[in-house]
Amino acid sequence: MDWMLMPLLRYADFSGRSQRMEYWLFTLFYALVIVVLLGFAILFGSPAGEERTLAENYFLAVTGLWVLGTIIPSIAVTVRRLHDQDKSGWYYFISFVPYVGGIVMLIFMCLDGTSGPNRYGPDPKGGLSYGDVFA
């Protein structure tokens, strides 16, 4: 659970590095919250073609607030994930390229980070660099 909530604790921290586990568990947590909230909206909602119920409106509003409130942490954890691969945070804008941008970012998020320290900080896994092994 710590891995899922860590990006929320580091709300607007765009510096440093994040492991794949932090990124993917936060993404899982983010998606689960949305699925649960939308599930409640559907469960307490009205049949198709009728006016929405107060409970449905409430759950849709809470879902919207969740999405708006977690935009900055999701961008920050993505930038830190790019930093782990020794890439600039500006690579985030690749995701706005139609059709291929999302696929490229998905591949970037699946790749392992650089081992050892890089220009964005120490290795979040605590690994040694190759130079440390042979020194």
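Okay, so let's go over this structure. As the structure is a computational prediction, the values presented were derived from the model and not from experiment. (Residues numbered from 1 in each chain as written. Predicted model: local features only at pLDDT ≥ 70, side-chain atom pairs only at ≥ 80, totals over all residues. Heavy atoms only, no water.)

This paragraph deals with the overall build of the protein. Along the backbone of the protein there are 6 helices and 0 strands. The N-to-C order of helical and strand elements in the protein reads α-α-α-α-α-α. Radius of gyration (C-alpha) of the protein: 19 Å, far over the 14 Å computed for a compact globule of 135 residues. Across its three principal axes, the protein shows a C-alpha extent of roughly 70 × 35 × 20 Å. Looking at the 135 residues of the protein, the share that counts as buried comes to 33%. A fraction of 63% describes how many contacts in the protein between residues 6 or more apart in sequence connect residues 24 or more apart. Where the 9 positive side-chain charges of the protein centre and where its 11 negative ones centre are 8 Å apart. (Helix = DSSP H or I, 4+ residues; strand = E, 2+ residues; numbered from the N terminus. Rg over C-alpha atoms; globule rule 2.2 N^0.38 Å. Buried < 20%, exposed > 50% of the residue type's maximum accessible area, 1.4 Å probe, protein only. Contact = heavy atoms within 4.5 Å. Lys, Arg positive; Asp, Glu negative; His and termini not counted. Charge placed at Lys NZ, Arg CZ, Asp CG, Glu CD.)

Let us look at the packing of aromatic side chains. On inspection of all chains with the given rule, the structure shows 13 aromatic pairs. For the ring pair phenylalanine 26 and tyrosine 30, a centre distance of 6.3 Å and an interplane angle of 40 degrees mean the geometry is tilted. Here phenylalanine 26 and its partner tyrosine 30 are both found in helix H2 (residues 20–43), 4 residues apart, which amounts to about one turn of the helix. Owing to a relative accessible area of 2%, phenylalanine 26 belongs among the buried residues under this scheme. Three or more aromatic residues joined by ring pairs form one cluster here, namely Phe26, Phe29, Tyr30 and Trp66. Here lysine 87 stacks its cationic end above the ring of phenylalanine 108, 4.7 Å away from the centre of that ring. (Phe/Tyr/Trp six-rings, centres within 6.5 Å; stacked < 30°, edge-to-face > 60°. Lys NZ or Arg CZ within 6 Å of the ring centre and 35° of its normal.)

Listing the buried residues of helix H5 (residues 101–110) in full gives Gly101, Met105, Phe108 and Met109. Seen along its axis, H5 keeps its buried residues to an arc of 95 degrees; they face one direction. Buried residues along H5 sit against H2 and helix H4 (71–84). (Arc of directions from axis to C-beta.)

Turning to unusual backbone geometry, a few remarks are in order. With the exception of glycine, the majority of residues adopt a negative phi angle, and the majority of peptide bonds are in the trans configuration. At aspartate 86, a position not held by glycine, the phi torsion is positive, near 65 degrees. With respect to the element layout, aspartate 86 can be found in the loop between H4 and H5. Of the residues examined, aspartate 86 reaches a relative accessible area of 31% and is grouped as partly exposed. In this structure, tyrosine 99 is a non-glycine residue whose phi angle is positive, near 70 degrees. Looking at where tyrosine 99 falls in the secondary structure, it is placed in the loop between H4 and H5.

As enumerated under the stated definition, the model contains 8 salt bridges in all. Between arginine 17 and aspartate 84 there is a salt bridge, and its shortest N-O distance comes to 2.8 Å. In this pair, arginine 17 is assigned in the loop between helix H1 (2–9) and H2 and aspartate 84 in helix H4, connecting sequence segments 67 residues apart. Overall, aspartate 84 belongs to the buried group, its relative accessible area being 3%. A salt bridge links arginine 17 to aspartate 123, with the nearest nitrogen and oxygen atoms 3.9 Å apart. (Salt bridge = Lys/Arg side-chain N within 4 Å of Asp/Glu carboxyl O.)

A few words on the side chain of glutamate 56. Topologically, glutamate 56 is positioned in helix H3 (residues 54–69). Among all residues touching glutamate 56, those that are not within four sequence positions of it are Ala41, Phe44, Gly45 and Ser46.

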